[in-house]
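Summary of structural features
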Amino acid sequence: MRSGEAMEQGLRDCCRSIRIGKVLVISDEDTHEAKVYYAKFPPDIHKRKVLLMYPILCTGNSVNKALEILIQQDVDESKVIVLSLFTTPEAIRNILRSFPKVKILTSEVHPVAPKHFGQKYFGTD
């Protein structure tokens, strides 16, 4: 639920005046169904470019749910860049099937994504 925060400090370090919103999505471990737990955005988010940070993309379900919430806030799909460290081909297909104008920027595409990034980063594994 909090793994996107692992990328937040780096963004704040290089872009000190950046406005940050939050979308916290929980995925059911059995069904992989994504549910929004919390969402708060700058009031003018619909006028901005949006960086959606999600370090490990396995299925894309959580990012798709976050994108649905952004679209409900009148964010133009073409102004969203999904930033990730590791992404599976399945996640790319799922995201682009639902949101073809979104850009995805990742450091690695691999069929098997590392698990439990947030727990290891925050030391709660």
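Note: the structure precedes this text.
In this report, we go over the structure that sits alongside the text. Predicted model only: the values in this text are computed from it and were never measured. (Residues numbered from 1 in each chain as written. Predicted model: local features only at pLDDT ≥ 70, side-chain atom pairs only at ≥ 80, totals over all residues. Heavy atoms only, no water.)

Once that is clear, we can look at the pairing of strand S1 (residues 22-27). Alignment of S1 against strand S2 (residues 34-40), held across six bridges, turns out to be antiparallel. Within the sheet, the bridge partner assigned to isoleucine 26 lies in S2 and is lysine 35. Connecting the antiparallel pair S1 and S2 is a turn made up of six residues, with histidine 32 showing a positive phi of about 65°. (Pairing = 2+ DSSP bridges. Helix = DSSP H or I, 4+ residues; strand = E, 2+ residues; numbered from the N terminus.)

Moving on to helix H3 (residues 89-98). Buried residues of H3: Ala91, Asn94 and Ile95, and no others. Along the axis of H3, the buried positions cluster into a sector of 95°, meaning they face one direction only. On its buried side, H3 packs onto strand S4 (56-57), helix H2 (61-72), strand S5 (80-87) and strand S6 (103-109). (Buried < 20%, exposed > 50% of the residue type's maximum accessible area, 1.4 Å probe, protein only. Arc of directions from axis to C-beta. Contact = heavy atoms within 4.5 Å.)

A surface patch of nonpolar side chains, about 320 Å² in accessible area, is lined by Ile26, Tyr37 and Tyr38. Inspection of the secondary structure assignment puts isoleucine 26 in strand S1. Of the residues examined, isoleucine 26 reaches a relative accessible area of 37% and is grouped as partly exposed. (Patch = residues over 30% accessible without salt bridge, like charges linked within 9 Å, V, L, I, M, F, W, Y side chains within 5 Å. Areas by Shrake-Rupley, 256 points an atom, 1.4 Å probe, with all protein chains shown as cover. Salt bridge = Lys/Arg side-chain N within 4 Å of Asp/Glu carboxyl O.)

Time to look at unusual backbone geometry. If you check the backbone angles, aspartate 74 has positive phi at about 65° while not being a glycine. Secondary-structure assignment places aspartate 74 in the loop between H2 and S5.

This next bit is on a negative patch on the surface. A contiguous patch of negative charge, built from Asp28, Glu29, Asp30 and Glu33, is present on the exposed surface. Tracing the backbone through its elements, the reader meets glutamate 33 in the loop between S1 and S2. Looking at glutamate 33, the relative accessible area reads 45%, which means it is partly exposed. (Lys, Arg positive; Asp, Glu negative; His and termini not counted. Charge placed at Lys NZ, Arg CZ, Asp CG, Glu CD.)

This part takes up the pattern of salt bridges. Under the criterion given, the structure shown has two salt bridges. For aspartate 44, the salt bridge is made with arginine 48, and the minimal N-O distance between the two is 2.9 Å. Under the relative-accessibility criterion, aspartate 44 is labelled partly exposed at 24%. Where glutamate 68 meets lysine 65, a salt bridge forms, and the shortest distance between an N and an O atom there is 3.3 Å. With glutamate 68 and lysine 65 both in helix H2 and three residues apart, the pair spans about one turn of that helix.

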